[in-house]
Amino acid sequence: MSVLWTHCAPAPFGLTLKVVLAMMLCQLILGVGLAWLLSRPSLPGRLVWEGAISLPLVFPPIAIGFFLLLLLGRRGPLGHILHDSLGVEVVFSPLGVYLAALIAGLPLIVKPVQAAMETSAAELAEAAYVLGRGRIATFFLVVVPSVHAAILTGLALAIGRALGEVGITLMLGGNIVGQTETLSLAIYNRVLDGDFDCATQLSLLLGGGSLLLFGLMQWLSRSRRQGG
Amino acid sequence: MTSLDVSVRLARASFESLAELQLHTGETTVLLGPSGGGKSTLLRALAGLERPRSGRIALGDRVWFDSRQGIHLSPRQRKAGLMFQHYALFPHLSVAQNLGFSLFGLNRKFRRQQVERWLTALRLHDIARAKPEHISGGQRQRVALARTLAADPDVLLLDEPFSAVDSALRHHLRQLFREVAQERARPVLLVTHDLEDVRELADRVAVMVSGQLRRFGSVAEVLSDPRDLEAARMLGWKNLLPVARFESGLAHGSWGCLPALRPKRSGRYWLGVEPRHWRIVKHQGVPATVEHHSLFGPYREMTCRLRDGKRVYLHRRHDEPAMSIGTRLQLRVPAEHLVLLT
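Caption draft 1: Main features of the overall build of chain A. Counting its secondary structure elements, chain A contains eleven helices and zero strands. For chain A, the sequential pattern of α-helices and β-strands runs α-α-α-α-α-α-α-α-α-α-α. Dimensions of chain A, computed from the C-alpha atoms along their principal axes, are close to 65 × 45 × 30 Å. Counting every position in chain A, which comprises 228 residues, the buried fraction comes to 40%. For chain A, contacts bridging at least 24 residues in sequence account for 72% of all contacts bridging at least 6.

Caption draft 2: The arrangement of the overall build of chain B in detail. Summing up its helical and strand segments, chain B has nine helices and 22 strands in all. On the principal axes, the C-alpha backbone points of chain B span a range of 75 × 50 × 35 Å. Partitioning the intrachain contacts of chain B with sequence separation of at least 6 by distance along the chain shows that 65% fall at a separation of at least 24.

Caption draft 3: Expanded view of the sheet that holds strand 12 (residues 239-243) of chain B. Residues and elements named next belong to chain B. Taken in spatial order, the three strands make up an open sheet running 12-16-22, and their pairing is antiparallel. The open sheet is flanked by strand 12 and strand 22 (339-341), the only strands paired with a single partner. Each strand of the sheet is rotated relative to its neighbour by a mean of 30 degrees, with strand direction disregarded.

Caption draft 4: Local environment of the interface of chain B and chain A. Every contact between the two is made by 16 residues of chain B and, on the other side, 14 residues of chain A. Only helix 2 (75-78) and strand 7 (80-83) of chain B provide two or more residues apiece to the side of chain B that touches chain A. The class makeup of the residues in the side of chain B that touches chain A is eleven nonpolar, three polar and two charged.

Caption draft 5: Fine view of the pairing of strand 20 (residues 311-317) of chain B. Where strand 19 (residues 299-306) of chain B meets strand 20 of chain B, seven bridges bridge the pair, whose relative direction is antiparallel. Looking at the pairing, B:Y299 lines up with B:R317 of strand 20 of chain B.

Caption draft 6: Broad picture of helix 1 (residues 39-47) of chain B. All names here are of chain B. Most of helix 1 is tucked away: nine of the nine residues are buried. Among all positions in helix 1, only K39, S40, T41, L42, L43, R44, A45, L46 and A47 are buried. The positive-phi residue at the C-terminal boundary of helix 1 is G48, with phi of around 95 degrees.

Caption draft 7: Spotlight on helix 3 (residues 46-58) of chain A. For helix 3 of chain A, spanning 13 residues, the distance from its first C-alpha to its last is 18 Å, which sits close to the expected 18 Å at 1.5 Å a residue. Of all the bends found along helix 3 of chain A, the most pronounced is centred on A:A52 and spans about 35 degrees, while A:P56, a proline, follows it within four residues.

Caption draft 8: Main features of the environment of A:V147. Along the chain, the position of A:V147 falls in the loop between helix 7 (135-146) and helix 8 (148-164). Sequence separation between A:V147 and A:Q179 is 32 residues; the distance between their C-alpha atoms is 37 Å.

Caption draft 9: Local environment of the packing of helix 4 (residues 108-121) of chain B against helix 5 (residues 137-150) of chain B. Residue and element names in this part refer to chain B. Where helix 4 contacts helix 5, the axes come no closer than 10 Å and their chain directions differ by 140 degrees. Looking at the two axes, helix 4 sits oblique to helix 5. Considering the relative orientation of helix 4 and helix 5, their crossing is right-handed. Residues Q114, V115, W118 and A121 of helix 4 pack against A146, L149 and A150 of helix 5.

Caption draft 10: Just the confidence of the model for chain B, in detail. Residues and elements named next belong to chain B. With 99% of its residues at a pLDDT of at least 70, chain B reaches an overall mean of 90. Taking the mean pLDDT of every element in chain B, the minimum, 81, falls on helix 6 (residues 167-184) and the maximum, 96, on helix 3 (residues 95-100). This complex was scored by the predictor with a pTM of 0.80 and an ipTM of 0.83.

Caption draft 11: Molecular detail of the sheet that holds strand 13 (residues 245-247) of chain B. Residues and elements named next belong to chain B. In spatial order, the strands read 13-14-15; together these three strands make up an open sheet with antiparallel pairing. With partners counted over all chains shown, the strands left at the sheet margins are strand 13 and strand 15 (256-259), one partner each. Along the sheet, successive strands turn relative to each other by an average axial angle of 30 degrees, direction set aside. With four bridges connecting them, strand 14 (residues 250-253) and strand 15 associate as antiparallel partners. When the sheet's bridge partners are listed, G253 is paired in strand 15 with G256.

Caption draft 12: Geometry of the packing of helix 6 (residues 94-130) of chain A against helix 7 of chain A. Residues and elements named next belong to chain A. Running from N to C, helix 6 and helix 7 cross one another at 150 degrees; their axes reach a closest spacing of 9 Å. When the axis of helix 6 is compared with that of helix 7, the two are roughly antiparallel. Between helix 6 and helix 7 lies a crossing whose hand is right-handed. Two secondary-structure elements touch here, helix 6 through M117, S120, A121, L124, A125, A128 and Y129 and helix 7 through T138, L141, V142, V143 and S146.

Caption draft 13: The arrangement of unusual backbone geometry in detail. Look at A:N175: it is not a glycine, yet its phi comes out positive at around 55 degrees. A:N175 sits in the partly exposed class, given 18 other C-beta atoms within 10 Å. In this structure, B:A88 is a non-glycine residue whose phi angle is positive, near 50 degrees.

Caption draft 14: Local environment of the confidence of the model for chain A. The pLDDT averaged across chain A works out to 87; a share of 93% of its residues lies at or above 70. When mean pLDDT is taken per element in chain A, helix 7 of chain A scores highest with 93 and helix 1 (residues 2-8) of chain A scores lowest with 61.

Caption draft 15: Examining the environment of B:I280 more closely. All names here are of chain B. As for its position among the elements, I280 is in strand 17 (residues 279-281). Accessibility expressed as a C-beta count within 10 Å gives 17 for I280, which makes it partly exposed. Considered as a pair, I280 and H337 are 57 residues apart in the sequence and their alpha carbons are 14 Å apart. Setting aside chain neighbours within four positions, we find I280 in contact with L329 and L331.

Cut-off values and rules
- Residues numbered from 1 in each chain as written.
- Chains lettered and ligands numbered in written order.
- Predicted model: local features only at pLDDT ≥ 70, side-chain atom pairs only at ≥ 80, totals over all residues.
- Helix = DSSP H or I, 4+ residues; strand = E, 2+ residues; numbered from the N terminus.
- Buried ≥ 20, exposed ≤ 12 C-beta atoms within 10 Å, placed from the backbone.
- Contact = placed C-beta atoms within 7 Å.
- Pairing = 2+ DSSP bridges.
- Axes fitted to C-alpha atoms, helices over the stretch in contact; angles between N-to-C directions.
- Nonpolar A, V, L, I, M, F, W, Y, C, P; charged D, E, K, R; others polar.
- Expected span 1.5 Å × (residues − 1).
- Bend = angle between axes of the 7 residues up to and from the residue.
- Parallel < 35°, antiparallel > 145°, perpendicular 65-115°, else oblique.
- Left-handed = near helix turned anticlockwise from the far one by under 90°.
- pLDDT = per-residue confidence, 0-100.

If you want it as structure tokens, here you go:
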């Protein structure tokens, strides 16, 4: 077993763990922030923003990955600026893997949190304003706590999606063994190599991790609701 | 004496709302009107949650909103206490924490004293640590009222504050509210559907229908002379008779005729009669047939059908002889008790 572990898992597991930890932070900040912005009817171009964020839910991931590759590749309109002026290489680097996980998971946190904010948090926020609080205090003291269940559920879904992401990651990360190979890609690679023992072990690891994460979020959501 | 002067035009999806009223310190103005008539929109505009299309709102010499000068103070700058119709209690905070929410920046001892004071005043001690989802509708309503009062607002705006409680508790809450309102001496605007709120709490009454302020004045003035048909309906007037023409000192309709002078302005008119003002006469009255009796506090309410099928309601004292169902009679109203409505 341990031979199998050292043979199959270390590099993809390490990268996937980093992606999960980074996504917990990024999705929380970006996802909740965007949901708050989108829940405001007065936001200019609201429909366009909503459409752009929801795109990964309806557009094939591999096609999104391909367009992002064209956009962020060294000769792409954005990639060329990033490379020449900042020296940042997005495509075929770990950064591409993080970006893929972020794009794929973002709508899964934004949508439920936005819906919860629109239905229950809007009046609570108004109550907080009338009671003398400013926008920032209201956001942290009232809006976020009142939609915490939606945030935890959305976060679990977004991270679960990031764990299983293949299409966009393949295009942006490039599936380079030892560098941009996530657990999902590692399973795919082991199956292609005919190494079914490794593929089984990695699948169990990935599936177990996803279930554990989802269970943890559900427990957190329930215990907060009951205890306060 | 500070008053809140309001003169605003508000944009609504289906109509434009106009409101012009003055709320005096220590006085409770009850705003009455049907659902969707623009009452809550006006409250929101006063609290700073909605921007009026034009007009001016000022508390004394402090301008809250002025479309000409481009002034629009935020809710926190206005310090208006708005009690929401659905309470808007913070679900993640306990009752005591909800009460203390507005007291940030004050020292801890003072905060605790204030929370204690309002917990006691509204009898909320037993549930001080409970979350809003674990308390009853009536308790939530008391918490919402306590939270609004604890913020010590300059103006109190209440959106149907007693609607979700049983009648005994409603009576208690009204009493409590009256004491607090007198003690605080702030202008109060209370939105309601309930005529009891008008009778028990109001110093002034405003009636709003389809965004228009149809009537505004002292309780006695508005209740006895609503002037407007919709206002009369909202104020519980049940005897409303359409007038077809005025002729020879009489108002004629399909129901009969009653003595009334022709008004100076032409237009459609109705006659309003309070149930206690009908008199039963032997002849030359409005023909009617007794249809039903019911008890109405110190009176017996008699429902009569007029010749065109309309129903009118009479109040008779219990010591006056009862008339059996089917009795034909003639009704009159002394001219001084007939109210003309447009």
